Amino acid sequence: TLKNLSVVFETGKKIAIVGRSGQGKSTLFNLITRIFDTEDGNIYLDDVNIKDLTEESLRRNISVIRQEPFLFNRTIKDNFKVVNPNITLKEIKKYCKMAYLDDYIESLPNKYNTKLGEGGVNLSGGQKQRLSIARALAKESKVILFDEATSALDNQSQSYIKKVIDDLVEDHTIIIVAHRLSTIVDADVIYVVDKGRISDSGTHKELLDKSKVYKTLYENEDKES
């Protein structure tokens, strides 16, 4: 699926990966998280080959926020204890504040003892995403992958997630696979994946000028909206 692909993801930058369906975006994420391994070539995390890391070590250092995050049919507090059994309520509140969710939780009758339905059905899409991000922060992962995490959200929820991402960029490696290009136009670097290769990279403005693939994706989205 991916051919001769070489890319460096830097800390302190908001990095996006875009491209048409089936061009290799999700494959790249699956390789980074070792859902499967490369046949040729290697992936390094701080100069360490991820094949030399234990599964536990890799999962501790990388968190994935997906379009439909998985939440347990337990209390909000217990959803954090799955990640860290020793986490305190003070720490949970800190991470929820970072994800702009603490005010909402404190407005609930049972606050952090509120029981979530299976998959968090009693939360909105944006609230589920923010809770998923807060839980990832509780893992203290330095690499956070957003896999089309805002594609199904309304504009207000999307703006909250963008604020959270902007706050995290300073000391995390943030990589976003985006379907809605409107969510990543302010990214520091956008990589365009086409036919299994990085066909171009740059800012939104630069890519509109030099990448036919990116310009077509952006113009098609503009027509749909």
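Right, let's walk through the structure included here. (Residues numbered from 1 in each chain as written. Predicted model: local features only at pLDDT ≥ 70, side-chain atom pairs only at ≥ 80, totals over all residues. Heavy atoms only, no water.)

1. Quick look at the overall build of the protein chain
(1) Moving on: Helix and strand counts for the protein chain stand at 9 helices and 8 strands.
(2) Moving on: Against the compact-globule benchmark of 17 Å for 225 residues, the protein chain has a radius of gyration of 18 Å, which places it among compact chains.
(3) Moving on: Each principal axis of the C-alpha atoms in the protein chain carries an extent, and together these give about 55 × 45 × 30 Å.
(4) Moving on: Expressed as a percentage of its 225 residues, the buried residues of the protein chain come to 46%.
(5) Moving on: In the protein chain, once contacts between residues fewer than 6 apart in sequence are set aside, the share between residues at least 24 apart is 68%.
(6) Moving on: Carbon and sulfur atoms make up 45% of the accessible area of the protein chain, which totals about 12100 Å².
(7) Moving on: Considering the protein chain, the positive charge centre built from 34 side chains and the negative charge centre built from 34 side chains are found 3 Å apart. (Helix = DSSP H or I, 4+ residues; strand = E, 2+ residues; numbered from the N terminus. Rg over C-alpha atoms; globule rule 2.2 N^0.38 Å. Buried < 20%, exposed > 50% of the residue type's maximum accessible area, 1.4 Å probe, protein only. Contact = heavy atoms within 4.5 Å. Areas by Shrake-Rupley, 256 points an atom, 1.4 Å probe, with all protein chains shown as cover. Lys, Arg positive; Asp, Glu negative; His and termini not counted. Charge placed at Lys NZ, Arg CZ, Asp CG, Glu CD.)

2. So, helix α1 (residues 25–32)
(1) Moving on: When you tally the buried positions in α1, you get 6 out of 8 residues, the bulk of the element.
(2) Moving on: Along α1, the residues that are buried comprise Lys25, Thr27, Leu28, Phe29, Leu31 and Ile32.
(3) Moving on: Along its buried surface, α1 packs onto β1 (14–18), α2 (55–61), β4 (62–66), β5 (143–147), β6 (173–177) and β7 (189–194).
(4) Moving on: Positive backbone phi, at 60°, marks Arg34, one or two positions downstream of α1.

3. Some points on the pairing of β7
Walk down a regular strand and you will see the side chains alternate between the two sheet faces.
(1) Moving on: Among the 6 residues that make up β7, 6 are buried, leaving the element largely enclosed by the rest of the structure.
(2) Moving on: Burial along β7 is two-sided: the face carrying Val189, Tyr191 and Val193 and the face carrying Ile190, Val192 and Asp194 are both buried.
(3) Moving on: Relative to β7, β1 runs parallel, the two being bridged by 4 bridges. Bridging across to β7, Val18 finds its partner in Val192.
(4) Moving on: As defined by bridge partners, β7 adjoins strand β8 (residues 197–202) across 5 bridges and the pair is classed as antiparallel. Directly across from Val193, in β8, lies its bridge partner Ile198.
(5) Moving on: Between the antiparallel neighbours β7 and β8 lie 2 residues, among them Lys195 with a positive phi of about 55°. (Pairing = 2+ DSSP bridges.)

4. Looking at the packing of aromatic side chains
(1) Moving on: Within the structure shown, the criterion is met by 2 aromatic pairs.
(2) Moving on: Look at Phe9 and Tyr191: their rings are 6.0 Å apart centre to centre, the planes differ by 85°, and that puts the pair in the edge-to-face class. Taken as a pair, Phe9 in the segment before β1 and Tyr191 in strand β7 lie far apart in primary sequence, 182 residues in all.
(3) Moving on: What makes Tyr191 buried here is its relative accessible area of 12%.
(4) Moving on: Seen in terms of ring centroids, Phe70 and Phe72 are 5.1 Å apart; in terms of plane orientation they differ by 90°. Their pairing is edge-to-face.
(5) Moving on: Taking the relative accessible area as the measure of exposure, Phe70 reaches 49% and is therefore partly exposed.
(6) Moving on: The ring of Tyr100 has Lys163 sitting right over it, with the charged end atom 4.4 Å from the ring centre. (Phe/Tyr/Trp six-rings, centres within 6.5 Å; stacked < 30°, edge-to-face > 60°. Lys NZ or Arg CZ within 6 Å of the ring centre and 35° of its normal.)

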